[in-house]
Structure formats: C-alpha cells, structure tokens
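Single-letter residue listing:
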Amino acid sequence: MATVNVVVIDPESPDPSVIERAGQLIREGRLVAFPTETVYGLGASALDAVAIARIYAAKGRPASNPIIAHVSTVEQARSLASPWPEVAEALAKRFWPGPLTIVVRKVESAPAALTAGRDTIAIRWPAHRVAESLIRAAGVPIAAPSANRSTNLSPTTAEHVSMGLGGDVDLILDGGRSWRGIESTVLDVSVERPRLLRPGPIGPVEIEEVIGPIERPREGESDAGAAGSPGRFPRHYAPKTPLELATDNDAGVQRATGMIEKGSKVGLLPLGAMPRPFDASLTVVTMPRSPADYASDLFASLHRLDAMGLDRIVAVMPPKEDNWLAIRDRLLRAAAPAQD
Ligand code: TXA
Ligand code: MG
C-alpha cells in the first residue's frame, strides 16, 4: 500500500510553511485533504479540469455530481458567479465564513468538470483557519467534496480520510476533529424561489430570517433530479454495517435485544441516557440531546461502530422538529437500502 502523507497542523494557528507547501501542491494540480468545520474536504484547484478529474477518480464519484468551490473572500465568490444576486450577498454577509453553500449561476470560465456541465456553481467559504489559509496560499478557489469514497460516511477526522482514501491523496492535513460534524447546508438561489437542497448546520428558519421564504424538500425526498442536487441519492452517508431506525429508546432496546437473542451483534445509538438496564452484549453509543452536539458526534460514532464488525446498527430517530432536520436527513439516508 502506498504510504499516505499526513501532516499534523494546529487548527487555530496553522504553520505557514506547511500551508505554503500544501498550497503549492494545489497549484501543481495535486490532491490535498484538509479539515473544515463541517467535514474533511478532498481539495484540488477549482480552475484545473485535470486536477478535478483526479478528485472524481479518487472518490469513485459519478461525473454527473458537481463539486463545491471553496473560497476565502466574498470577492472570490463573486468572480465565479454570473450574476451574484442580492440574496447571495445577504446570505454571505450573514453566514460566511460558515457552513452554508450557495448555488448561483456560474461564470462561463468555471470548468465544466467542476459543475458537472451545469450552468450553476456551488460556493462556500469554510470557517476553519486551515481551510481558509490553504485557499489563500493556493491563490485559487479550491474544489472539494467530502473526502470519502462516494456513498460512504463523510470523514470528520484525518484518520477517517486515510482509512477511506489512503494512497489516493497527495497530502492530508490533520487539523483534528471537524466540530460541526455534518456537511454544510446547500441552498440554491439561482432560481426564482430559493430552494434548500441539503439540510445542514444552518437551518431554514435562520435562512428565512435573512431572505424570506424558501422551498424545502419533503423529508427523505431523494431530490436527485435535474432541478435538485445530484448528490442527493437516497442512500448516502451510509455506514457499511446495515443501519435501521427506531422511534424511541425503548423501541430501540427492544429491537436490538430481539436481534441479540437470535445471535446478532448489535450497536445502538440511543438519544440521551438509556432509560433502563440493557443486555450487556449490546454496544451502546449514547447520542447527545442537543442537535449541534449530536451532529458533531454522528459520523464519528458511526465510523466507530462500523469498525466493530457488528451485524446491525439501530439508531433512535430524534423528534420531527426543525432543529433536528439535518440529523433526521442523514439518518434516513444512512438507513436507505443500497441502490445496487
Ligand atoms: O460541508 C461541506 O459542504 C463539505 C465540505 C468539504 O465543504 N463538502 C461536501 O461536498 O459535502 P460534497 O461534494 O460531498 O457535497 C456537495 C453537495 C452534493 O450533494 C452536490 O450534488 C451538491 O452539493 N452540489 C454541488 N454543486 C451543485 C450545483 N451546481 N447545483 C446543485 N447542487 C450542487
Ligand atoms: Mg459527500
């Protein structure tokens, strides 16, 4: 196996010489995985079609699924958009740097490889010093999907990246844990009525406070059509271990215990502390009761359970409330049956 080049970097004050070297790799058309506040990204120059092709190859990503361009100024975002609408300006002002991806019409010159041939482009300014300084050092916007193989769980640590993509990455910057823990909210403002394409850390209510009413997809809707976000296949963000959902902790324990009695190894993700004693052979990873803390732990917990060789994971669904929208979305997708 090829050895992976992992360099530890301080997320608060990244070593400029490491960043300079990483920026140079980006300029040379190589792949650099880097931390953001949401998940780790697999980066290449957003202006280099050949480098972008390497991202698709490393991920095994369908060519029809476009990639987010990461910027470190609003000016840089404007340079990729035509037009850059008022609503985008207002959203950027309120939420950038941060976990909101804005879809706008693209400038002619943005590579078709980046946008999968669409006339729109997704843009985000990540709130992470390593990501921001890397984009500045590269001197170009950085194309970066989550640094996992297509349909697998997104990575929230450098270790997840090296386990999933290993030798296919030229450099992995290890800046510790991605604290938001789930991918950015994706909002399309290229259409008359702005449309939520992927729920994420920034909720619809917060967005509506800035730009007024937006379209929201129905929960669990696949939304993979031409108008939607092509990455939104029903099964996404999935662990290798089959995952099913339970309505509450009691139902989860009952379901898990039933499977254990039949000889299965089961992991359970209850919401908050377990209400009563449970079978000692049940692996329990207690999930926080606050949506932000839950998000921060979700993929790390699934990665951990996935490494245990279990037969099944049972996750307890959080309530059907606005502030749990993104978590419910990720859990529904993780539980969706594989497509092939
Ligand atoms: O938090 C994040 O967004 C992370 C970090 C690395 O920034 N990135 C990420 O990228 O999650 P990715 O490629 O795993 O997900 C990007 C999503 C996909 O669902 C993709 O289809 C959608 O954004 N997308 C990208 N460009 C688009 C476009 N022009 N129109 C509609 N959807 C687009
Ligand atoms: Mg992804």
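It should be noted that the structure appears before, not after, this text.
Now for a look at the structure at hand. It should be emphasised that the depicted structure is a prediction, and the values quoted were computed from it without experimental measurement. (Residues numbered from 1 in each chain as written. Chains lettered and ligands numbered in written order. Predicted model: local features only at pLDDT ≥ 70, side-chain atom pairs only at ≥ 80, totals over all residues. Heavy atoms only, no water.)

Once that is clear, we can look at helix α4 (residues 86-95). Residues Ala88, Leu91, Ala92 and Phe95 constitute the buried set of α4. Within α4, the buried residues cover an arc of 100° as seen down the axis, which keeps them to one side. With respect to the buried face of α4, the exposed residues turned more than 90 degrees away are Glu86 and Lys93. Of the surrounding secondary structure, the elements contacted by the buried residues of α4 are α3 (74-78), β5 (100-105), β9 (185-188) and α8 (204-211). (Buried < 20%, exposed > 50% of the residue type's maximum accessible area, 1.4 Å probe, protein only. Helix = DSSP H or I, 4+ residues; strand = E, 2+ residues; numbered from the N terminus. Arc of directions from axis to C-beta. Contact = heavy atoms within 4.5 Å.)

This part is about the pattern of salt bridges. Within this structure, the stated rule accounts for 19 salt bridges. Here Arg105 makes a salt bridge to Asp119, at a shortest N to O gap of 3.0 Å. A residue pair is termed long-range when its members are at least 10 positions apart, and Arg105 in strand β5 and Asp119 in the loop between α5 (112-115) and β6 (120-124) qualify at 14 residues. Look at Arg105 and you get partly exposed, because its relative accessible area is 37%. According to the relative accessible area criterion, Asp119 is partly exposed, its value standing at 44%. Taken together, the shared-partner salt bridges connect Glu183, Asp329, Arg330 and Arg333 into one network. (Salt bridge = Lys/Arg side-chain N within 4 Å of Asp/Glu carboxyl O.)

Before going further, it helps to spend a moment on the packing of helix α1 (residues 16-27) against helix α6 (residues 129-138). Two elements in contact, α1 and α6, have axes separated by 8 Å at closest approach and are oriented at 55°. Considering their axes alone, α1 and α6 lie oblique with respect to each other. As α1 runs across α6, the sense of the crossing is right-handed. Contacts between α1 and α6 pair Ile19, Glu20, Ala22, Gly23, Ile26 and Arg27 from the former with Val130, Ser133, Leu134, Ala137 and Ala138 from the latter. For the contact of α1 with α6, the class distribution of residues is 7 nonpolar, 2 polar and 2 charged. (Axes fitted to C-alpha atoms, helices over the stretch in contact; angles between N-to-C directions. Parallel < 35°, antiparallel > 145°, perpendicular 65-115°, else oblique. Left-handed = near helix turned anticlockwise from the far one by under 90°. Nonpolar A, V, L, I, M, F, W, Y, C, P; charged D, E, K, R; others polar.)

Applying the stated criterion to the full structure yields 2 aromatic pairs. With 6.0 Å between their ring centres and 35° between their planes, Trp84 and Trp96 make a pair best called tilted. Taken as a pair, Trp84 in the loop between α3 and α4 and Trp96 in the loop between α4 and β5 lie far apart in primary sequence, 12 residues in all. Comparing Trp84 with Trp96, the two get one shared label, buried. Centroid distance Tyr294 to Trp324: 5.5 Å. Interplanar angle 90°. Geometry classified as edge-to-face. Of this pair, Tyr294 sits in helix α10 (residues 291-306) while Trp324 sits in the loop between β14 (312-316) and α11 (325-335); the two residues are 30 residues apart in sequence, bridging distant segments of the chain. Of the residues examined, Tyr294 reaches a relative accessible area of 0% and is grouped as buried. (Phe/Tyr/Trp six-rings, centres within 6.5 Å; stacked < 30°, edge-to-face > 60°.)

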